[in-house]
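As a plain string of letters, each chain reads:
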Amino acid sequence: PTRAHVCIGMEEGKFPLTGHNFKTDPSEPFRQKKKMKISAAAFLALLVSKSAAFTAPSLSVQYGASALSAATLDVAEESAAKVAATSDVKEQMVSGEAVIMKGGVEEGMNTDLEWQVKAAAEKKDDSITPGRYADMENSIALPFLPRPATLDGTHAGDFGFDPLGFSEKFDLYTMQEAEIRHARLAMLAVIGWPLSELIAPDWMLQHGCAPSVLNGFNPVSFLATAAAFGAFGFFEFKTSLRRQAGTEFGEKHRQDMSQVWDLGVAGDYNWDPANLYSVFGDDYKSRKGLREVEISHGRSAMLGITAFALWEKLTGHPIVENSMFFHPNLLLPALFIGYVAWNEIYEITPLNEYPIQIQYKNEGEMKLERLKDAVKSAAKKSESQTAFLKEKDEEYGITTKLFAAPGKAIEAAKSTYKYW
């Protein structure tokens, strides 16, 4: 900036810092030769003060004053009064420039700091922040046990459940990869197991039960099972060392987990033909939510398929036999309605708070009273309707006629064909 100021001053026909116009008065520069020495000294002191302002803004004014004192050694032949006056002018100029430069540096530093804070905030908004449950001492899943150090709620499905301490003994990413693979296989198996018992031919089953290690195999079912496990094993071999970098989901997962690690997400095969992964939104929160849904269903499936195998081994009967889940009935929808109604009225207190209690939800008690009133009203109406129907039935024999109607219809149909 100092060079620019000098060039601008020369183009305007003026000497920098002195302001003399050499175009209108050519002899003026020669008459002011000695004064120019002082101006040159001020110019050099200004450069020094600017450098000091960049290196140590808080000391720029004092440093500029000391530079001026050294520079005035070049003008020892001037009178004391002229030197003192010129020194005051130069000190004011340098001090002003130093303050300006100091303000510019501080403004630049503030701008740079604001940019860094903004960049950090944007990065935080685009990725998962680690330590969701870092401030909790006990596990959420098992409140009576301490929370494992590596399970702080950062990853999908992480509720601090690790009573055997596997997460502290083995690599966490490897354990996550193993869990999600078992979960996906279990979700397939928990559908395939009862489906095979419902629609598979008898020669594929073991006394009506699905072939398994506990139920046994026949030659055909053994070959089919061996082929299926061989296919799964080949898939495991081909995908165990798969690359995630450069894939669509791999890059998204690296950005999502950038504050956690650079490993991405376990179980990422870059496979989503139905585009369900972004059904709730294409951001890190929606993706983590769907991963949490997947691992939760997978854990339920692993428990379910284990229960299937143990039940059939202990009872010797297929899991689909006499089960409300696999045959039409009214019990299952009744239980579902009861579950929904219970959740509308009651709730369980957080598992990490002692003691664990069942309490009314917001307006839950009022909903319960309304339900009781509705049941009482329906009962009164049904009593009056039952009495009315009973009276009419005794008068006209409605029930007897209704039960006799099918038999009469069958007899009437048979009477139309003489060979019956």
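This text goes with the structure placed above it.
Residues numbered from 1 in each chain as written. Predicted model: local features only at pLDDT ≥ 70, side-chain atom pairs only at ≥ 80, totals over all residues. Heavy atoms only, no water.

Chemist: Please clarify how the overall build of the protein chain should be interpreted in this entry.
Modeler: Within the protein chain one finds 13 helices and 2 strands. Across the protein chain, the fraction of contacts at a sequence separation of at least 24, relative to all contacts at a separation of at least 6, is 49%. Element-wise, carbon and sulfur atoms account for 64% of the exposed surface of the protein chain, whose accessible area totals about 28,900 Å². (Helix = DSSP H or I, 4+ residues; strand = E, 2+ residues; numbered from the N terminus. Contact = heavy atoms within 4.5 Å. Areas by Shrake-Rupley, 256 points an atom, 1.4 Å probe, with all protein chains shown as cover.)

Chemist: I tried to follow helix α10 (residues 284–315) on my own but got confused; where do I start?
Modeler: One turn of the α-helix equals 3.6 residues, which is why residues spaced by three or four share an orientation. For α10, spanning 32 residues, the distance from its first C-alpha to its last is 46 Å, which sits close to the expected 46 Å at 1.5 Å a residue. Positive phi appears at G316, one or two residues downstream of α10, with a value of about 75°. (Expected span 1.5 Å × (residues − 1).)

Chemist: Looking at this structure, how should I read the pattern of salt bridges?
Modeler: Here the idea is simple: oppositely charged side chains can pair when their charged atoms come close. All chains considered together, the criterion is met by 10 salt bridges. In this structure, K252 and D282 form a salt bridge, with 3.2 Å as the shortest nitrogen-oxygen distance. On the criterion of sequence distance, the pair formed by K252 in helix α9 (residues 248–256) and D282 in the loop between α9 and α10 is long-range, its members being 30 residues apart. Classification of K252 by relative accessible area gives partly exposed; the value is 24%. With relative accessibility at 52%, the residue D282 sits in the exposed group. In this structure, R287 engages D282 in a salt bridge whose closest nitrogen and oxygen atoms are separated by 2.7 Å. (Salt bridge = Lys/Arg side-chain N within 4 Å of Asp/Glu carboxyl O. Buried < 20%, exposed > 50% of the residue type's maximum accessible area, 1.4 Å probe, protein only.)

Chemist: Just to check I follow, could you spell out the side chain of K288 for this structure?
Modeler: Along the chain, K288 turns up in helix α10. One buried charged residue, K288, forms no salt bridge at all, with the nearest opposite charge on E292 at 5.3 Å. Every residue in contact with K288, bar those within four places of it in the chain, is listed here: I128, R132, G153, T154, H155 and A156. (Lys, Arg positive; Asp, Glu negative; His and termini not counted.)

Chemist: I keep staring at the packing of aromatic side chains and nothing clicks. Help me out?
Modeler: The geometry of an aromatic ring pair is captured by the separation of the ring centres together with the interplanar angle, meaning the angle of the planes. Scanning the model with the defined rule gives 7 aromatic pairs in all. Seen in terms of ring centroids, Y346 and Y360 are 5.3 Å apart; in terms of plane orientation they differ by 25°. Their pairing is stacked. In this pair, Y346 is assigned in strand β1 (residues 346–348) and Y360 in strand β2 (residues 358–360), connecting sequence segments 14 residues apart. A relative accessible area of 36% places Y360 in the partly exposed class. Aromatic ring contacts, followed pair by pair, group W342, Y346 and Y360 into a single cluster. Between the NZ or CZ atom of R242 and the centre of the ring of Y269, over which it lies, the distance is 4.1 Å. (Phe/Tyr/Trp six-rings, centres within 6.5 Å; stacked < 30°, edge-to-face > 60°. Lys NZ or Arg CZ within 6 Å of the ring centre and 35° of its normal.)

These figures capture arrangement, not role.
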